[in-house]
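# Structural overview
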Amino acid sequence: MNIDEMFKIPAIPAGRNKRKMPETPDVDFLDKYREADNDQQEHKRRNTDSAEPNDEEDMQGYSVQDYFPDEQDEEGRFFGGGLTDEQSRLLDLVDEYDVEEPDALTATTVKKMILKLEKAINKNQELRVRYADQPEKFMESEADLDEEIKNMLTLTQAPHLYPELVNLGTVASLLSLLSHDNTDIAIDAIELINELTDEDVGTAEDELERSEEAEQGMKALVDALLENELLELLVQNLGRLDESEESDRQGVFKLLGIMENLLSLEPELAERIALKTELLPWLLKRIQPKGYDSNRGYASEILSILLQDSRDIRLKVNEQGGVDILLRALSAYRKKDPADEDEVEMVENFFNALCSMLNEIEVKQSFLEGEGVELMLIMMKERTLGRIRSVKVLNYAMTGEHGRSNCERFVEASGLKVLFPLFMGKGSKKLKKAHKTFKESEDEEHIMCIILSLLRNFSQRDVQRLRLIRKFTEDDYEKVDRLLEMKEHYESADKRVQAEIEEQKKGLDEDEVQEYEDDFYLRRLDAGLFTLQRVCLVIAALSAEDNGIKQRTLMLLKRQGSDISSVFAILGEEVALMADFKYLRSMAQGGAVATDEARAAQ
């Protein structure tokens, strides 16, 4: 029985004109094509209608089975398949046979894959050496090698078998491909390593962590890759890939993906990557061009990750002009917003990298010299993403005693005039509508930290401190009213969280309560306790120095059913703020305490 003959499609009758679609049809052709097709369908419908019985009498005595005996299911419903019994039985057999699922990967199948890859690598190397001047002689072997590399991607389904790659010495062979003369082969190897080390490998959709076997397999592979100088080979490829070519551009993106995978799997690799290779100079160079592209965005993300926890990396980036490069990159967004979500993420990475660096004393000075304060103040005047993040950057730049120079520059550059409208909440509603990332609580936290840094870094003899205090006396003490309003708001939020915590503690024993104490405190901080503490610090400091502010504060506290003791009760909870607490309490009770002595006690 010939199945091909059975299912052979009837030939088109002779004389019937067959319409052909040109390779690149224009709009006019498509319109005519659709019109002709509609006419043909209408003609067929009319012919069908004329052939059907006109009244029910013509159909009397007949059933659907009589007209279509082979085209119904066991419930008598017509499907119109048009198949004979024999054809239906054959299709049923095909459905039963179906396509078998591929066998699960085993150590044996993995060894076979590795053997094929090794053979393809060796054959290509041999032919390249033998026919160095005749590319046509080794092109086929290169295509075979490309295929075998791609076949290895199936290994991502079984990370517990990664040790087979290590045990059979395939890691060294794979990394040798990163130096292959054909960059397409090198990119294939980069893609394979990127997929093998992806952080999601070995986890199902409903799983958050890999199994212990998969975790061990992943670690064995990563260790072997690092031992065989993976990092150095990757950075070498960054130098030879030409991003003007699409394939090379994709190769760079996947290479950066490997870096992110490694940092996710082993965060302690950050210093080795940044300090032992030439990646940092490449990243700093790559983020400099204006405009957005995916690799510039990815480079900004890797840089931000590297700067998170290492002082040595921050100092190295600072030495290579990193602060100036980041400020120049951000200056493009001083009065405009990023165009889309990807560009927003890139700009966020620039801000995060700058904030991480400003944890270092040396970087605060570079920020001052690079006119970072002035740039942030320009951004604060706009309703852009830069307005939101510039407040955070200034907080980092002005914090601590080494932030005094930036505090002085801030006041000199009319920063108080820019800051206090934000403190009063002007423009917050419009900003919230324009930017989903804007959180008023975070904004208020950074603003309060800036005000507190100004109070801490200026002594009572400094004119800058007098200018700051005068701001709170202007317009009938409206800014003092705002402080007490913030205190009431955050204090109410803190009390609600404390009530929830006390309710939760009822179901716990003493050991469990002790175990969750840090978590409970973090919940209070998330609800705004950190901001509340800084609001109270500012209230106490201002009340101690200006009698008018003190009287206004006492009056507002009385209206709220409270007194000055509620301010110190909040401060007294925070052990880290005890130096400020003692200083402010002594000033509130006894009046004058030398600022220099107080700062020495902090």
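Not measured: the values here are computed from a predicted model.

## Thoughts on the overall build of the chain
The helix and strand inventory of the chain stands at 33 helices and 0 strands. Looking at the chain as a whole, 40% of its 602 residues are labelled buried. Once local pairs closer than 6 in sequence are excluded, the contacts in the chain between residues at least 24 apart make up 72%. By element, 47% of the accessible surface of the chain is carried by carbon and sulfur atoms, the whole surface being about 34600 Å².

## Overview of the packing of aromatic side chains
Remark: the centre distance and the inter-plane angle together describe each pair of aromatic rings, the angle taken between the planes. Evaluation of the coordinates by the stated rule reveals 5 aromatic pairs. Ring geometry for Phe 253 against Tyr 298: centres 4.7 Å apart, planes inclined by 55 degrees, an arrangement best described as tilted. Note that Phe 253 is positioned in helix H12 (residues 246-265) and Tyr 298 in helix H15 (residues 294-306), a separation of 45 residues in sequence. Note on Tyr 298: relative accessible area 11%, which makes it buried. Between Phe 423 and Phe 472, the aromatic rings sit 6.0 Å apart at their centres with planes inclined by 70 degrees, giving edge-to-face as the arrangement. Within this pair, whereas Phe 423 is found in helix H23 (residues 415-423), its partner Phe 472 is found in helix H26 (residues 463-505), the two being separated by 49 residues in sequence. A single burial state applies to Phe 423 and to Phe 472, both of which are buried. Taken together through their ring pairs, the aromatic side chains of Phe 420, Phe 423 and Phe 472 make up a single cluster. The ring of Tyr 131 carries the charged tip of Lys 137 above its face, separated from the ring centre by 5.5 Å.

## What about the packing of H26 against helix H29 (residues 529-545)?
Two numbers describe how H26 lies on H29: the axes approach to 9 Å, and their chain directions differ by 145 degrees. Viewed along their axes, H26 and H29 form a crossing whose handedness is left-handed. Here Arg 465, Ile 469, Phe 472, Leu 483, Leu 484, Met 486, Lys 487, Tyr 490, Glu 491 and Asp 494 of H26 lie close against H29, whose contacting residues are Leu 529, Thr 531, Leu 532, Val 535, Cys 536, Val 538, Ile 539, Leu 542 and Glu 545. Residues belonging to the contact of H26 with H29 are distributed by class as follows: 13 nonpolar, 1 polar and 5 charged.

## Regarding unusual backbone geometry
With a phi angle near 60 degrees, Glu 371 is a residue other than glycine that sits in the positive phi range. Among the secondary structure elements, Glu 371 is positioned in the loop between helix H19 (361-369) and helix H20 (372-380). The phi dihedral of Tyr 477 falls on the positive side, at around 60 degrees, and the residue is not glycine. The topology assignment puts Tyr 477 in helix H26. With a relative accessible area of 22%, Tyr 477 lands in the partly exposed category.

## What about a positive patch on the surface?
Taken together, the side chains of Lys 290, Arg 334, Lys 335, Lys 336, Lys 381 and Lys 417 present a region of like positive charge at the surface. Among the structural elements, Lys 417 can be located in helix H23. Lys 417 sits in the exposed class, given a relative accessible area of 64%.

## Topic: a negative patch on the surface
Among the surface-exposed residues, Asp 509, Glu 510, Asp 511, Glu 515, Asp 518 and Asp 519 lie close enough to one another that they form a single negatively charged patch. Contributions of two or more residues to the negative patch are made by helix H27 (510-515) and helix H28 (517-526). The biggest single contributor to the negative patch is H27, with 3 residues. Turning to its location among the elements, Glu 515 is positioned in helix H27.

## As for the environment of Ser 300
Mapped onto the secondary structure, Ser 300 falls in helix H15. Measuring from C-alpha to C-alpha, the distance between Ser 300 and Leu 326 comes to 9.7 Å, with 26 residues separating the pair along the chain. When neighbours within four sequence positions are excluded, Ser 300 is seen to be in contact with Ile 287, Met 346, Asn 349 and Phe 350.

## What to know about helix H25 (residues 440-457)
Its 18 residues place the ends of H25 26 Å apart at the C-alpha level, agreeing with the 26 Å of an ideal helix rising 1.5 Å per residue. In terms of burial, H25 is largely enclosed, as 13 of its 18 residues are buried.

## Describing H15
The end-to-end C-alpha separation of H15 is 19 Å, in line with the 18 Å expected for 13 residues at 1.5 Å each. In terms of residue burial, H15 counts as a mostly covered element, since 10 of its 13 residues are buried. Where H15 is concerned, the buried positions are Asn 295, Arg 296, Gly 297, Tyr 298, Ala 299, Ser 300, Ile 302, Leu 303, Ser 304 and Leu 306. Considering only its buried residues, H15 is in contact with H12, helix H13 (270-276), helix H14 (279-286), helix H16 (311-319), helix H17 (322-331) and helix H18 (341-357).

## Details of the pattern of salt bridges
Inspection of the entire model under this criterion finds 32 salt bridges. Arg 328 is paired through a salt bridge with Asp 324; the nearest N and O atoms lie 2.9 Å apart. Here the residue Arg 328 and the residue Asp 324 both occupy positions in helix H17, the gap between them amounting to 4 residues, near one helical turn. Via salt bridges that share partners, Arg 311, Arg 314, Glu 360 and Glu 362 belong to a single interconnected network.

## Quick look at the nonpolar core
Core analysis: the largest hydrophobic core is formed by 137 residues, its most contacted members being Leu 306, Phe 367, Phe 410 and Phe 472. Counting residues per element, this core draws most heavily on H29, at 10 residues. When residues no more than four places from it in sequence are discounted, the contact partners of Phe 472 are Phe 420, Phe 423, Ile 451, Tyr 477, Lys 479, Val 480, Leu 483, Val 538, Leu 542 and Ile 549.

The rules behind these values
Residues numbered from 1 in each chain as written. Predicted model: local features only at pLDDT ≥ 70, side-chain atom pairs only at ≥ 80, totals over all residues. Heavy atoms only, no water. Helix = DSSP H or I, 4+ residues; strand = E, 2+ residues; numbered from the N terminus. Buried < 20%, exposed > 50% of the residue type's maximum accessible area, 1.4 Å probe, protein only. Contact = heavy atoms within 4.5 Å. Areas by Shrake-Rupley, 256 points an atom, 1.4 Å probe, with all protein chains shown as cover. Phe/Tyr/Trp six-rings, centres within 6.5 Å; stacked < 30°, edge-to-face > 60°. Lys NZ or Arg CZ within 6 Å of the ring centre and 35° of its normal. Axes fitted to C-alpha atoms, helices over the stretch in contact; angles between N-to-C directions. Left-handed = near helix turned anticlockwise from the far one by under 90°. Nonpolar A, V, L, I, M, F, W, Y, C, P; charged D, E, K, R; others polar. Patch = residues over 30% accessible without salt bridge, like charges linked within 9 Å, V, L, I, M, F, W, Y side chains within 5 Å. Salt bridge = Lys/Arg side-chain N within 4 Å of Asp/Glu carboxyl O. Lys, Arg positive; Asp, Glu negative; His and termini not counted. Charge placed at Lys NZ, Arg CZ, Asp CG, Glu CD. Expected span 1.5 Å × (residues − 1). Core = buried A, V, L, I, M, F, W, Y, C linked by side-chain atoms within 4.5 Å.

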